[in-house]
Amino acid sequence: MSTLLKVILLGDGGVGKSSLMNRFVTNKFDSHLFHTIGVEFLNKELEVDGQHVTLQIWDTAGQERFRSLRTPFYRGSDCCLLTFSLDDGQSFSNLDNWKKEFTYYADVKDPDNFPFVVLGNKLDAPERQVSGEDVRQWCHKNGGQPYFETSAKDATNVALAFEEAVRRILALDDRADHLIHNNTVDLEKKTHPDSSCC
Ligand SMILES: Nc1nc2c(ncn2[C@@H]2O[C@H](COP(=O)(O)OP(=O)(O)OP(=O)(O)O)[C@@H](O)[C@H]2O)c(=O)[nH]1
Ligand SMILES: [Mg+2]
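Residues numbered from 1 in each chain as written. Chains lettered and ligands numbered in written order. Predicted model: local features only at pLDDT ≥ 70, side-chain atom pairs only at ≥ 80, totals over all residues. Heavy atoms only, no water.

Looking at an unreviewed UniProt entry, the protein carries the name RAB9A, member RAS oncogene family, with the source organism given as Echeneis naucrates. Of the protein, the UniProt comment under Sequence similarities (unreviewed entry) reads exactly: "Belongs to the small GTPase superfamily. Rab family." (UniProt positions renumbered as here; feature names shortened; annotations may be inferred.)

Right, dumping it as structure tokens:
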């Protein structure tokens, strides 16, 4: 039996969250995807560094009007993929808000040590507005989170980014396994919903 890990995609509407999930899980891309309403999830089994895991990828609606439909699903996430679009500077500026929203609703006690992965999507787009240097600075200020520039359209770095999410979670779990013997850590209860919703 493989471990079930929950990762959640957050970021502004239109940055490509659904496209990244679809690329990773089904290896398809749709250039006229309709915006997401609420949340959806897909499972994918994979092997990372010899460990078999089932990744449960939760894709959320980025548009502000769907806020109350997405926030109840943040709890129990093992990793959060903070996503923006490289051709949309505003979507990068909003990463702070996304991190705050996640931290609040997922009830994360120590955000700088929570496994986030930052994704700058639409690397293929011609009009780049966000420099890699600015993103790396943001990541540095926010606990040294890893950063990937991706394209759901041509599949650049998509698998790599999801695999990094798994690595980050497994690295934390190893530490927790080690600490639990000393009785110093209180492992959070994980919820494993078994149906798609909204
Ligand atoms: N050129 C390019 N277009 C992309 C890429 N990823 C997504 N798109 C396009 O951008 C638009 C929005 O993509 P979605 O995946 O629906 O964005 P989203 O983040 O899920 O948006 P919401 O569901 O509203 O939060 C779609 O028309 C996609 O085809 C990419 O890597 N490159
Ligand atoms: Mg979507």
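Participant: Looking at this model, I keep getting lost on the site of ligand 1. Mind explaining?
Facilitator: What surrounds ligand 1 is a group of 23 residues, the closest being Lys17, Ser19, Thr36, Gly62 and Asp124. In the model, an oxygen atom of ligand 1 is placed 2.9 Å from a nitrogen or oxygen of the serine 18 side chain. Considering ligand 1 on its own, with 660 Å² of exposed area, one finds that the protein chains cover 88% of that surface. With 3 residues, helix α1 (residues 17-26) is the largest single contributor of residues to the shell around ligand 1. The residue makeup of the shell around ligand 1, split by class, is 5 nonpolar, 12 polar and 6 charged. (Near = heavy atom within 4 Å. Polar contact = N/O pair within 3.5 Å; in protein donor to acceptor, adjacent residues only side chain to side chain. Areas by Shrake-Rupley, 256 points an atom, 1.4 Å probe, with all protein chains shown as cover. Helix = DSSP H or I, 4+ residues; strand = E, 2+ residues; numbered from the N terminus. Nonpolar A, V, L, I, M, F, W, Y, C, P; charged D, E, K, R; others polar.)

Participant: How should unusual backbone geometry be read in this particular structure?
Facilitator: Glycine aside, negative phi is the norm for most residues, and most peptide bonds take the trans geometry. Despite not being glycine, lysine 122 has its phi angle at roughly 65°, a positive value. Along the polypeptide, lysine 122 turns up in the loop between β5 (116-121) and α5 (132-141). Phi is positive for alanine 155, close to 75°, though the residue is something other than glycine. Tracing the chain through its elements places alanine 155 in the loop between β6 (147-149) and α6 (158-180).

Participant: Explain the coordination of the magnesium ion (ligand 2) here, please?
Facilitator: Six octahedral donors around a metal ideally make angles of 90 or 180 degrees; four tetrahedral donors ideally make 109.5 degrees. Surrounding the magnesium ion (ligand 2) are the protein donor atoms Ser18 (OG) and Thr36 (OG1), at 2.1 Å. In this pair, serine 18 is assigned in helix α1 and threonine 36 in the loop between α1 and β2 (39-48), connecting sequence segments 18 residues apart. When sorted by exposure, serine 18 lands in the same class as threonine 36, which is buried. (Donors = N, O, S within 2.8 Å, 3.2 Å for Na, K, Ca; no water. Buried < 20%, exposed > 50% of the residue type's maximum accessible area, 1.4 Å probe, protein only.)

Participant: For this particular structure, what's the right way to read the environment of glycine 16?
Facilitator: Looking at the secondary structure, you find glycine 16 in the loop between β1 (3-10) and α1. Judged by its relative accessible area of 12%, glycine 16 is buried.

Participant: In this structure, what is going on with the sheet that holds strand β4 (residues 79-85)? I would like to understand it.
Facilitator: Through backbone hydrogen bonds, the strands of a sheet pair up, either in parallel or in antiparallel fashion. Pairing is mixed across the open sheet formed by 6 strands, whose spatial order is β2-β3-β1-β4-β5-β6. Edge positions in the open sheet fall to β2 and β6, since each of these has one partner strand only. Averaged over all neighbouring strand pairs, the angle between strand axes comes to 25°, with direction disregarded. Two strands pair when backbone bridges link them, and β1 and β4 are joined in this way by 4 bridges, in the parallel orientation. Considered in β4, the bridge of valine 7 is made with cysteine 79. This element, α1, spans β1, β2, β3 (51-60), β4 and β5 of the sheet and lies at about 150° to β3. On the sheet, α5 packs against β4, β5 and β6 and is oriented at approximately 155° with respect to β6. (Pairing = 2+ DSSP bridges. Axes fitted to C-alpha atoms, helices over the stretch in contact; angles between N-to-C directions. Contact = heavy atoms within 4.5 Å.)

Participant: So what exactly am I meant to see when it comes to the nonpolar core here?
Facilitator: Buried together is how nonpolar side chains tend to be arranged in soluble globular proteins. One finds Cys80, Phe84, Phe102, Val118 and Val135 to be the most contacted residues of the largest nonpolar core, which totals 25 residues. Of all the elements in the fold, those that place two or more residues in this core are β1, β2, β4, α4 (95-105), β5 and α5. Apart from the residues lying within four places of it in its own chain, the contact partners of valine 135 are Phe84, Phe92, Val118, Val130 and Tyr147. Listed in part, the 24 residues of the second largest apolar core include Val7, Val158, Ala161 and Ala165. (Core = buried A, V, L, I, M, F, W, Y, C linked by side-chain atoms within 4.5 Å.)

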